[in-house]
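Listed here are the chains, written in short residue letters.
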Amino acid sequence: MAEHTSPFDQGSAGAPGGSSDVPESPYYEYAPPGLRYQERNDMIYPLSQPEASASPPFTPTAPAAGPYTSGGAEITVARPASRPGWPPSSVEPGVGTAPAAPPTTVSRRSPAPWRLILVILLVALVLFAGGVAAYLVLAIRAESNTTGAQPTGGAKVAVTPGAGTQAATTANFHQGPCPFQPGAGIVQGRDLICGTLTVPEDRSQPQGNTIRLAVAIFKAATPQAADATPFLYLSGGPGGATLSDLGSYINQVNRQAVTLGRTFILFDQRGTGYSSPSLYCGEVDRFNQQTKDENLSHQANDAGYLQAMRSCRDRLTAEGVHLSAYTTIEDAQDVHDLIHALGYRQVDLYGVSYGTRLALTVMRLFPQDLRSVILDSTVPTQSNLFTTLSASMQHAFDTLFKGCQADPFCRESYPNLQTTFYRLVNRLNAHPVTINDLRYGPILLTGDGFAQWVFASLYVTSFIPELPRAISEIDHGQYTLIAETYGELLLAQDISYGMYYSVECGEDMRYTSLQELDRSVSALRPELQPGMLDSLELDYRVCQLWNVPSVPPEQKQPVTSSLPTLILSGEYDPITPTSNALLAQKTLSHSYLFVFPGTGHGVFLTSTCANLIMSQFLADPEVQPSNSCISSMEEPNFI
């Protein structure tokens, strides 16, 4: 991806109600972008054998093009059940001396292959190395409106303005070539229509700059489904791309499962992906790559990261980008314009992670546009990323350790998992080791980086069962598991840092202080506090540099609505735990909350049960779906 141009500019074209014992304390917030920690799981597709009623996951015979490797399809990297000779010769030993071998246990289960997720991991996060963004990373135009949605369907083919009931909008949609390579069997024109939506950059200056949003519309497979209300997808971040990941992933085999059989609308939010201008900061990614195997002090790392962000800011402003125009409120107005420019009266709106905060904002500003809403891994508008991230992180690790203790096999095999984890954080911070990542080459593994990796892995439902074993093996000097996934989870270059900071600095950082940030880290174990505090303080400095205004206080208030709303939550979600969902649900009078056992961040498509509940809800949003399939779901099958 070019740093500040869109493929459209270049004329590129593609080929033609559960329950959970959740504390009331506010573990709310989601994932930012940033330096050495990336979310990679706003949307995880089936990575294990599906249940009988599920549509089979796509298993390509060859990698398809994508941003994470030379291919963009899911790649399964199998490793032998027995791995003699660890650590492998490709792993360089560090300063410390580890025990010779892990304790011998009798496994009751065959080890599942460690699955590299190279596609549809839509949002980057960051931890420790470059701020919270490096840590993982309006005038309100309408009063809160609790009027229910007006029953209506969408236009059968929404490709040009005027195909349905057109609301007043200055936006224009123009068809054009897809900027990504569609999946196998998907034909542009027949199955897929792409184009751009042109909207004002700053709606307070209607005669000012315009921007173009990249749009992809997957048509419903049958005429009957085409009559149903279309399904509009909002990705997370803020700053995550959509078309390059999800658009290129959908093919004829998985199309029904991913789109739920409906007309399926995707777009790259302003400042992200193929939309133009892009607020992607290549300066930050270059800094990450250049320092990934260097043992920098916090001070040196912070100085380098801050300089990279300064360079990005200077370049974007010189290009005429108005950084203060890239907000959740402007995003919500883009969604409104998109719906009506395509000729629809209403949509069923789905949001994941940051996309739920955007969806909630649409619910507040434009309730008439929505038939129903699905919030997956919820970010309430009233929550604050920076002051709650420490509590979310500690809750995530506690959930893993308690889950292992509750499992007889895991408890017997790794009886001191929690102690081992925190000992490793201290040991690796004092004596880092160099691992050889499968794609990114040598990477210096510190204790903070190790904690980031475990935290990031909890996003990915299929990774959770292997984490206790991975922690134990790292403790004994065996790094194969972490070397297979560290770079893909923490270093992939797929986040718009500019969009992230424009949103988060005005929406959350402007509503906190250094003193509050300092106090917030007390929620963490002492081993984790220094890295987190450095990250929070660095993001505070970046936000001073970014210098965008605060959003109106109304945007930080809870969203009150009676729209039918389905809320999905994963038990192991490390960044948007169920307490987030409960917080949002308090003011959503017609909502249904389901908590999925053993599930990480992003519930949709992690199980047949999740898709079944979503399909039932969309068929009749006025009726609560059955939760019977959740009772048959298992806790993580630790190996």
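Note that the coordinates shown come from a computational prediction; the quantities given were computed from them, not determined experimentally.

Conventions adopted
- Residues numbered from 1 in each chain as written.
- Predicted model: local features only at pLDDT ≥ 70, side-chain atom pairs only at ≥ 80, totals over all residues.
- Heavy atoms only, no water.
- Helix = DSSP H or I, 4+ residues; strand = E, 2+ residues; numbered from the N terminus.
- Buried < 20%, exposed > 50% of the residue type's maximum accessible area, 1.4 Å probe, protein only.
- Areas by Shrake-Rupley, 256 points an atom, 1.4 Å probe, with all protein chains shown as cover.
- Disulfide = S-S within 2.5 Å.
- Pairing = 2+ DSSP bridges.
- Right-handed = clockwise from strand over helix to strand, strands pointing away.
- Axes fitted to C-alpha atoms, helices over the stretch in contact; angles between N-to-C directions.
- Parallel < 35°, antiparallel > 145°, perpendicular 65-115°, else oblique.
- Left-handed = near helix turned anticlockwise from the far one by under 90°.
- Contact = heavy atoms within 4.5 Å.
- Nonpolar A, V, L, I, M, F, W, Y, C, P; charged D, E, K, R; others polar.
- pLDDT = per-residue confidence, 0-100.
- Core = buried A, V, L, I, M, F, W, Y, C linked by side-chain atoms within 4.5 Å.
- Phe/Tyr/Trp six-rings, centres within 6.5 Å; stacked < 30°, edge-to-face > 60°.
- Lys NZ or Arg CZ within 6 Å of the ring centre and 35° of its normal.

What follows concerns the overall build of the protein. Per the secondary structure count, the protein includes 18 helices and 13 strands. Evaluated residue by residue, the protein yields a buried proportion of 64% over its 639 residues. For the protein, the accessible area works out to roughly 21,300 Å², and carbon and sulfur atoms hold 51% of it.

Using the criterion set out here, one finds 5 disulfides in the structure. With its sulfur 2.1 Å from that of its partner, Cys505 forms a disulfide with Cys543. In this structure the cystine formed by Cys505 and Cys543 twists about its S-S bond by roughly -80 degrees; its chirality is therefore left-handed. Of this pair, Cys505 sits in helix α14 (residues 497–507) while Cys543 sits in helix α16 (residues 529–546), and the two are 38 residues apart along the sequence. Among the residues examined, Cys543 registers a relative accessible area of 8% and is labelled buried. Covalently, Cys609 is tied to Cys629 through a disulfide, its sulfur atoms 1.9 Å apart. Note on the Cys609 and Cys629 pair: the S-S dihedral is about 70 degrees, so by sign convention the disulfide is right-handed. Residue Cys609 is located in helix α18 (residues 608–619), and its partner Cys629 is located in the segment after α18; the two are separated by 20 residues in the primary sequence.

The next thing to look at is the pairing of strand β8 (residues 347–352). Here is the key point about a regular strand: its side chains alternate between the two faces of the sheet. Taken across its 6 residues, β8 has 6 buried, putting it largely inside the fold. Bridging between strand β6 (residues 231–234) and β8 involves 4 bridges; their strand directions are parallel. Among the inter-strand pairings, Leu234 is bridged to a residue of β8, identified as Gly351. Read as a crossover between parallel neighbours, the route from β8 over helix α7 (residues 354–365) to strand β9 (residues 370–376) is right-handed.

The 9 strands are arranged β3-β4-β5-β7-β6-β8-β9-β12-β13 in an open sheet whose pairing can be described as mixed. A single partner strand is all that each edge strand has here, and the edge strands are β3 (172–176) and β13 (591–596). Sheet twist, expressed as the average angle between the axes of neighbouring strands with direction ignored, equals 25 degrees. Pairing of β8 with β9 involves 6 bridges; the strand directions are parallel. Each residue of the ladder has a partner; that of Val347, found in β9, is Leu370.

Turning to the packing of helix α8 (residues 385–406) against α16, a few remarks are in order. Interhelical geometry of α8 versus α16 gives an angle of 160 degrees and a closest axis separation of 11 Å. By the angle class used here, α8 and α16 are roughly antiparallel. Seen along the crossing, α8 lies across α16 with a hand that is right-handed. Between α8 and α16, the residues in contact are Phe386, Leu389, Ser390 and Met393 and Met532, Leu536 and Asp539, respectively. When grouped by side-chain class, the residues that make up the contact of α8 with α16 number 5 nonpolar, 1 polar and 1 charged.

What follows covers the confidence of the model for the protein. Here the protein averages 79 in pLDDT, while 74% of its residues score no lower than 70. Under a pLDDT of 50 for its full length, residues 1–130 has, in the predicted model, 442 contacts with residues more than four places off or in other chains. Every residue in residues 132–167 is under pLDDT 50, and counting partners more than four places away or in other chains gives 152 contacts.

Counting 122 residues, the largest nonpolar core has Met309, Phe397, Phe421, Phe450 and Trp453 as its most contacted members. Here this core gets 9 residues from one element, more than from any other, and that element is α8. In contact with Met309, other than residues within four places in its own chain, are Cys281, Val284, Tyr497, Tyr501, Val542, Leu545 and Trp546.

The next point concerns the packing of aromatic side chains. All told, the structure shown has 16 aromatic pairs when counted by the stated rule. For the pair Tyr500 and Tyr501, a centre-to-centre distance of 4.9 Å together with 70 degrees between the ring planes defines the contact as edge-to-face. Per residue, the accessibility class of Tyr500 equals that of Tyr501, and both read buried. A connected cluster of aromatic rings, assembled from ring pairs, spans Phe397, Phe401, Phe421, Tyr422, Phe450, Phe455 and Tyr459. Across from the ring centre of Tyr326, 5.5 Å away, lies the NZ or CZ of Arg270, which sits over that ring. In this structure, Arg525 packs its charged tip against the face of Tyr422, placed 3.9 Å from the ring centre.

Remark: α14 packs on α16, axes separated minimally by 10 Å, with the N-to-C direction vectors making an angle of 95 degrees. Taken as axis vectors, α14 and α16 run roughly perpendicular relative to one another. Of the residues in α16, those in contact with Gly498, Tyr500, Tyr501, Ser502 and Cys505 of α14 are Asp539, Val542, Cys543 and Trp546. Looking at side-chain class alone, the contact of α14 with α16 contains 6 nonpolar, 2 polar and 1 charged residues.

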